[in-house]
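Listed here are the chains, written in short residue letters.
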Amino acid sequence: MKVIELRPNTALINQNFEKYQFSAEIVPVEIVTSLEKDVFRVEVSSSQESWLEARLFAFHNHLFKNPFDMSCWFVDVDGRVWRLEQDGTLKPVGTITIQSDKYHGSMYNPSIKFGSRNIAVISNGCGNLQIIIENGNEGTKPFTFDIDCGIVMDAQHIKDKKLTIVTLCSVVDIDGKKCSRITLLSYLHEIQEDSVEVVTFKSKQTLRVRGAVECIYMERNGNYIQIVSQEAAAFEHDESSSNEDNASMEKDVEVAKTPRYYWSQDEDTLTVLFKVPNNSEKSKLKINVAPFSISILLDDIILLQGNTRHRLESELTTWEREKDTLKVNLFKFECGLMWNELIEGDIGAEYLPNETLAAEIHLRLAHLCTDMQDNKSTDQAAIGFNAEQMEECDLLGKEHCLQRINFNSYETTHLINFGTYNTILFTCSLKHGQALCLRQDHDGCVWETEEVDSEDWNLEHVHTFPGFGYIEASKTNKKFCISPPDWSYIAIIEHTRHVFIYETPKKDAQVGRQRILDLGCEAAHIMGVCATKKYLILLTKNQLYHVRVNS
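What you are looking at is a predicted structure, and each value in this text was computed from that prediction instead of being measured.

With respect to the sheet that holds strand β8 (residues 111-116)
Here we have 4 strands laid out as an open sheet, ordered β8-β9-β10-β11, and antiparallel in their pairing. Taken across any chain shown, the strands that pair with only one partner, and hence form the sheet edges, are β8 and β11 (140-146). Adjacent strand axes in the sheet meet at a mean angle of 20 degrees when their direction is disregarded. In this sheet, strand β10 (residues 128-134) lies alongside strand β9 (residues 119-123) in antiparallel orientation, the contact comprising 5 bridges. If you follow Ile-119 over to β10, its bridge partner there is Ile-133.

In structure tokens form, the structure reads like this:
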């Protein structure tokens, strides 16, 4: 297994950026479309009270964008599936079974993903899956299958293998504890003698995750699956694998995620903590600190060794040991410079934020969040900087990782640890691959996954939203964070009324433009959103809004 560290491209980081400035320019709502029937929505049942289930329901996006043609799909209360074309017209494309009154098991909201330009996969959330194939002038042909309940996270059509692989996510109870289950369903496409394409079920495999699942992507080659989750994913029992193999894979990932040491910092010093045996009082400790390197050995065992990101005051190092803890204090050469890592390329560390320093930094950067339209206005609720929310996002976030798993051997070939402070801001499905936007330091960095059928695989840093990390963390009522695939802007959508739009500033610009849209108190709750280059499309229970963002 190859452990990868994400290193932002410094050429894409704007060191001169200072803030987003509010612009009073009106954000025009060009089209408002009233729906024939309300959007279908499933409420959380009394048996779905875990944090994992609450999260799935609270942030479910009911508007699904097709990355191949930029159309947007949703389902109404009658089970009709609607497609919103780029010109704003709505067309019905099919019907799914809504069993809210008859089905008594765990239900989820309907979900839609797109395996290719002409293949859509739709789950009704309660045990029914449709694969819709569009054949040009022949119209659409649906194939219906019974499945486990869940939400479709990804669909990929593997043309060479004549397969469509669908990934579902659900929350299950195992030994009295709630966890996420990922179900992989493979469907075979066959051409019969009368030249009619038929889809049949081929195989089913499941994985277990002891935490939330952010996103799943099956690569176009059909050989690798990428999973972003809070804990390592492991295959459950399958005919082609043994429990021992799965346990070994999960253990390898857990070992890779276990930190070898902890470190913290303030404006002047760096503190490094190690766990050492209790009986090591008389052990031989060797600490060598140079301006750009550190070496710490205990009984010739290397605790820490490597080059530092920035310069140290090598003559001022101190250390102390108490029972099973070794504490080493290092002093920065440049006071006030905040380090993003201690040893270059070392993923075996866990950063412990300094709460006093974090609060001070948050206060200094509060100017980034200029959401006030007009202090005299009573129509717009001013959502300002909230230090408590910032601390919650920064210090109490769950650690995520990205696993790249060989679909055939069940081996984790690549692992990326995002850490507790690299929050996932949003994910985006592309025509080829997927994109992740991570909060890294003050910024939002967009990473795209590579498409290579080999071990030489990585993520590429393709874009930066300067200063957006702190902006996003300051929003206490956010529901969605989204950007179009050209990354020309990024938007935060609240549960009701308000949309905050941040335009990507020009290279090396000091100030970016922020605009605010208020749909008014009469607007219903926002249930879904899609972003294109020109429009931000908002879905409420009974209306669609086309918001013009770019000309």
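Concerning helix α1 (residues 51-58)
All of the buried residues in α1 are Leu-52, Glu-53, Leu-56 and Phe-57. All buried residues of α1 project into a common sector of 125 degrees when viewed along the axis, lining one side. Elements that come into contact with the buried residues of α1 comprise β12 (151-158), β13 (163-174) and β14 (177-191).

Remarks on the packing of aromatic side chains
In the structure shown here, the tally under the stated rule is 11 aromatic pairs. With 6.3 Å between their ring centres and 35 degrees between their planes, Phe-426 and Trp-487 make a pair best called tilted. With Phe-426 in strand β29 (residues 424-429) and Trp-487 in the loop between β33 (478-482) and β34 (489-494), this residue pair connects regions lying 61 residues apart in the sequence. When its relative accessible area of 5% is taken as the criterion, Phe-426 is described as buried. Judged by its relative accessible area of 6%, Trp-487 falls in the buried class. Between the aromatic rings of Phe-468 and Tyr-502, the centroid separation amounts to 5.6 Å while the plane-to-plane angle is 70 degrees, which identifies the pairing as edge-to-face. Of the two residues, Phe-468 is situated in helix α5 (residues 468-473) and Tyr-502 in strand β35 (residues 498-503); the sequence distance between them amounts to 34 residues. The burial state of Phe-468 is the same as that of Tyr-502; both residues are buried. Here the guanidinium or amino end of Arg-311 rests over the ring plane of Phe-333, the centre of that ring lying 4.2 Å away.

Details of the environment of Lys-475
Within the secondary structure, Lys-475 is located in the loop between α5 and β33. For Lys-475, a relative accessible area of 0% puts it in the buried group. Placed 25 residues apart in sequence, Lys-475 and Phe-500 show a C-alpha to C-alpha distance of 9.9 Å. A polar side-chain atom of Lys-475 sits 3.3 Å from a polar atom in the side chain of Tyr-502.

Side note on the confidence of the model for the protein chain
Chain-level statistics for the protein chain give a pLDDT mean of 84 and a share of 83% at 70 or above. Looking at the elements of the protein chain, mean pLDDT is at its lowest for helix α4 (residues 387-395), recorded as 34, and at its highest for strand β5 (residues 72-75), recorded as 97. pLDDT under 50 marks residues 239-243. Its contacts with residues more than four places away, or in other chains, come to 5 contacts. Note that pLDDT drops below 50 for residues 372-397; the model gives that stretch 46 contacts with residues more than four away or on any other chain.

Examining unusual backbone geometry
If you check the backbone angles, Met-70 has positive phi at about 65 degrees while not being a glycine. Here Met-70 is to be found in the loop between β4 (64-65) and β5. Here Met-70 falls in the partly exposed class, since its relative accessible area comes to 24%. Residue Trp-487 is not a glycine yet carries a positive backbone phi of 60 degrees.

Considering the nonpolar core
Counting residues in each nonpolar core, the largest one holds 43 residues, and the members touching the most others are Val-81, Ile-112, Ile-182, Leu-207 and Ile-227. Of the residues forming this core, the biggest block, 4 residues, is contributed by β13. In this structure Leu-207 touches Ser-180, Arg-181, Ile-182, Leu-184, Ile-227, Ala-233, Ala-234, Phe-235, Glu-236 and Ile-405, once residues within four positions along its chain are discounted. Counting residues in each nonpolar core, the second largest holds 21 residues, with Val-272, Leu-304, Trp-339 and Tyr-351 among its members.

Quick notes on the pairing of β35
The buried fraction of β35 is high, at 6 of 6 residues. What you see with β35 is no split at all: His-498, Phe-500 and Tyr-502 on one side and Val-499, Ile-501 and Glu-503 on the other are buried throughout. Looking at chain direction, β34 and β35 are connected through 5 bridges and run antiparallel. Paired with Tyr-489 across the strands is Glu-503, a residue of β35. Hairpin connection, β34 to β35: the antiparallel pair is bridged by 3 residues, and Arg-497 has positive phi, about 70 degrees.

A look at the sheet that holds strand β23 (residues 301-307)
In spatial order, the strands read β21-β22-β23; together these 3 strands make up an open sheet with antiparallel pairing. What marks the edges here is a single partner per strand, and that holds for β21 (285-290) and β23. Between one strand and the next, the sheet's axes are offset by a mean angle of 0 degrees, whatever the strand orientation. Sheet topology note: the β21/strand β22 (residues 293-298) ladder contains 6 bridges and is antiparallel. Bridge assignment links Ala-290 to a residue of β22, and that residue is Ser-293.

Calculation notes
Residues numbered from 1 in each chain as written. Predicted model: local features only at pLDDT ≥ 70, side-chain atom pairs only at ≥ 80, totals over all residues. Heavy atoms only, no water. Pairing = 2+ DSSP bridges. Helix = DSSP H or I, 4+ residues; strand = E, 2+ residues; numbered from the N terminus. Axes fitted to C-alpha atoms, helices over the stretch in contact; angles between N-to-C directions. Buried < 20%, exposed > 50% of the residue type's maximum accessible area, 1.4 Å probe, protein only. Arc of directions from axis to C-beta. Contact = heavy atoms within 4.5 Å. Phe/Tyr/Trp six-rings, centres within 6.5 Å; stacked < 30°, edge-to-face > 60°. Lys NZ or Arg CZ within 6 Å of the ring centre and 35° of its normal. Polar contact = N/O pair within 3.5 Å; in protein donor to acceptor, adjacent residues only side chain to side chain. pLDDT = per-residue confidence, 0-100. Core = buried A, V, L, I, M, F, W, Y, C linked by side-chain atoms within 4.5 Å.

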